[in-house]
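Next come the chains, spelled out residue by residue.
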Amino acid sequence: MVTHEHRHDDTQLVPLSEHLQTVVDAVRPLSPIDLALLDAAGCAVAVDVVAHEDVPPFDNSAMDGYAVTTEQADGWLPVRGEVAAGADPMVSVEPGTAVRVMTGAVVPAGANAIVPVELVEEDSDQIRLQQLPQPGAHVRRAGESVRAGDTVLVAGTVLDAASIGMLAALGYSYVTVYPQPRVVVVSTGDELLEPGVQRMPGAIYDANSYVLTVLARQTGAVTVRRMVASDDRQLLRDTIEELLPHADLMVTTGGVSAGRYDLVKVVLAELGDVRFQKVGMRPGMPQAFGFIEADPGRVIPCFGLPGNPVSAYVSFEVFVRPAIRRLQGRRDLSRPRISAGLEAPLQSVADKVEFVRVTLRRRDGDWQARPTGDQGSGILRSLVEADGLAEVPIGRDSMDIGERVVVHLLRSV
Ligand code: AMP
Ligand code: MG
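Residues numbered from 1 in each chain as written. Chains lettered and ligands numbered in written order. Predicted model: local features only at pLDDT ≥ 70, side-chain atom pairs only at ≥ 80, totals over all residues. Heavy atoms only, no water.

S.K.: I'd love a proper account of the nonpolar core, names of residues and values included.
M.R.: With 34 residues, the main nonpolar core has Leu249 and Phe303 as its most contacted residues. Put simply, the parts of the chain that give this core at least two residues each are helix H2 (16–26), strand S14 (182–188), helix H5 (208–218), strand S18 (249–253), strand S19 (272–282), strand S21 (298–305), helix H8 (309–327) and strand S24 (353–363). Residue contributions to this core peak at eleven residues, all from H8. Residues within four places of Leu249 in sequence aside, it is in contact with Arg182, Val183, Val184, Ile300, Pro301, Phe303, Val320, Ala323, Ile324 and Leu327. Formed by 22 residues, the second largest nonpolar core is a distinct cluster that contains Leu243, Ala247, Val264 and Phe276. (Core = buried A, V, L, I, M, F, W, Y, C linked by side-chain atoms within 4.5 Å. Buried < 20%, exposed > 50% of the residue type's maximum accessible area, 1.4 Å probe, protein only. Helix = DSSP H or I, 4+ residues; strand = E, 2+ residues; numbered from the N terminus. Contact = heavy atoms within 4.5 Å.)

S.K.: Explain the confidence of the model for the protein chain to me, using residue names and the numbers behind them.
M.R.: Looking at the protein chain as a whole, the pLDDT averages 95, with 97% of positions reaching at least 70. Here residues 1–10 is a poorly scored stretch, pLDDT under 50, and it has two contacts once near neighbours within four places are set aside; other chains count. (pLDDT = per-residue confidence, 0-100.)

S.K.: Outline the pairing of S14, supporting the account with residue identities and numerical values.
M.R.: Most of S14 is tucked away, with six of its seven residues classed as buried. Summarising the sheet, S14 and strand S17 (residues 222–228) pair through seven bridges and their orientation is parallel. Along S17, the bridge assignment pairs Ser187 with Met227. Sheet topology places S14 next to S18; five bridges connect them, and they run parallel. Residue Val184 lies in a different strand from S18, and its bridge partner there is Met250. (Pairing = 2+ DSSP bridges.)

S.K.: How would you summarise H2 if you had to cite specific residues and measurements?
M.R.: Burial in H2 covers these residues: Leu16, His19, Val23 and Val24. Buried residues of H2, viewed axially, fall in a sector of 130°; they line one side. Contacts from the buried residues of H2 go to strand S1 (13–15), S19, strand S20 (286–295), S21, H8 and S24. (Arc of directions from axis to C-beta.)

S.K.: Which residues make up the pattern of salt bridges, and what are the values?
M.R.: In this structure the tally under the stated criterion is 26 salt bridges. A salt bridge links Glu194 to Arg225; the nearest nitrogen and oxygen atoms lie 2.9 Å apart. Residue Glu194 is located in the loop between strand S15 (192–193) and strand S16 (204–205), and its partner Arg225 is located in strand S17; the two are separated by 31 residues in the primary sequence. Here Arg225 falls in the partly exposed class, since its relative accessible area comes to 25%. Residues Glu270 and Arg237 are paired through a salt bridge, measuring 2.9 Å at the closest nitrogen-oxygen approach. Of this pair, Glu270 sits in helix H7 (residues 264–271) while Arg237 is found in helix H6 (residues 233–243), placing the two residues 33 residues apart along the sequence. Take Glu270: its relative accessible area is 33%, and that puts it in the partly exposed class. Taken together, the salt bridges that share partners define one network made up of Arg182, Asp248, Asp295 and Arg298. (Salt bridge = Lys/Arg side-chain N within 4 Å of Asp/Glu carboxyl O.)

Written out as structure tokens, the structure is:
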């Protein structure tokens, strides 16, 4: 009975959307930490940030010029003083007088407009306006950018230059964010060699751990990369156990398909609640996912990705990137997508979502997609040339020239 059910699980294709939902629902954001502003760039804020004061905090001049009262600004106006940016104004503007102000200076009491210096006739200690200003002219009002009590950043927003600047403008020197996840990447396989050493018969250089480590870093993770050039069960287990305490998420590659030496799925299942599944996607059908206790009381998500380089890459984009972004507390979980017209037909299989490496170009104001060549799951070269992954939905075994397709962008185009 158990044997039968197990077999059934192994052969049934899990829809991609279902597997992705399982991953996204299961992975929780890391515990927030307080970071100094500059260290927080690239992280998502963990709380809604509410302004505690107005920005700007006081009415100030938008120009170098003169503060006046619009009700009495005709004729020659005596200049009764000056306010520089950063100064506490010691003078006020009586009707029929003016005060010289610099950009950013506090608007002196009594004034309701600023006249730019270019529009003023100056004569020793008095000025005459070329024309009467509107009330409020060239005055930057307190709170015109942000009002005290406004929510300026919603939890989950990734901090960039502008939002870090906004926090600084509000006077905050620290911000509560989700930390950078630590991602451990482990490549496995008897045939693997480190780049840089002499090639031996039957061996290939380990490309996947480089691919996955770069992807993880570009997703905002701190990474550890390790190659286990062996399909030895005990060595795999020892290596993974050694690395677990240093990981918030673990990704392995290789050893999850149906071969005699595909022991990674066995080892992952021994170490925690990690299940092997066939997911309805191509490339990337064999997938292991689950949780392992990394330290007492701390479980982390673990992915066992297939060994073919393109399968590993696509699996990262489809499942691992969203999982890392969940750890990061981000709301946007995937790369941007666009809609494109097809310049060449695409092949697929009906029971799987097919990801086709494509180049993109603009034609008549619209995006056009074209496959990059051989779509074998080992052909890393066609990924090097690709701008994106076109998604042929489940239920379709081909798509024709001129049809519209969703393309996941892999680089900015
Ligand atoms: P596996 O999933 O271990 O059966 O591997 C599938 C295919 O991917 C085999 O041809 C492996 O040689 C290849 N492969 C596995 N790991 C890597 C890697 N780290 N770099 C490049 N190719 C790999
Ligand atoms: Mg292998």
